[in-house]
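Chain by chain, the residues run as shown.
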Amino acid sequence: MRAWKLLGLAGILAGVATGAAVARDERVRRHYDASEIRTRLHARHDEAVAREADDAE
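All chains use their own residue numbering, which begins from 1 and follows the written sequence. Where local features are concerned, this predicted model is filtered to residues with pLDDT of at least 70; where side-chain atom pairs are given and counted, the filter is 80 or more; whole-chain, interface and lining totals use all residues. Only heavy atoms go into the side-chain values, all of them from the structure, while hydrogens and water stay out.

Asks: How do you make sense of the overall build of the protein chain when you look at a structure like this?
Replies: Secondary structure elements are defined from DSSP: runs of H or I of at least 4 residues count as helices, runs of E of at least 2 residues count as strands, and each element is numbered from the N terminus. Along the backbone of the protein chain there are 2 helices and 0 strands. Throughout, radius of gyration means the C-alpha value; the globule benchmark is 2.2 Å times the number of residues raised to the power 0.38. Compactness check: the protein chain gives a C-alpha radius of gyration of 21 Å against a globular reference of 10 Å for 57 residues, more than 25% above the reference. Across the 57 residues of the protein chain, 0% fall into the buried class. Only the protein chains shown count as cover for residues, and the accessible areas themselves come from Shrake-Rupley with a 1.4 Å probe. Approximately 5,400 Å² of the protein chain is accessible, and the part contributed by carbon and sulfur atoms is 61%. Three exposure classes are used, based on accessible area relative to the maximum for each residue type with a 1.4 Å probe and protein chains only: buried under 20%, partly exposed in between, and exposed over 50%.

Asks: Would you mind showing me how to read the environment of Glu36 here?
Replies: You can see Glu36 is positioned in helix 2 (residues 34-56). Each C-alpha atom, one on Glu36 and one on Arg2, is 51 Å from the other, the two residues being 34 residues apart in sequence.

Scope: geometric values only; no functional claims are made or implied.
Pasting the structure below:
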């Protein structure tokens, strides 16, 4: 019976840790302004296009 209690407690702690990680990521993501996000997206797009051009050769 004790093993089930420990397993349940471990599951609850895992859920709390996951929620904390999601909340932290959300705070970091919301910290960026629109121009910063746009710049990052353009950079990622340019990298992807360059990678495709390298693969095509």
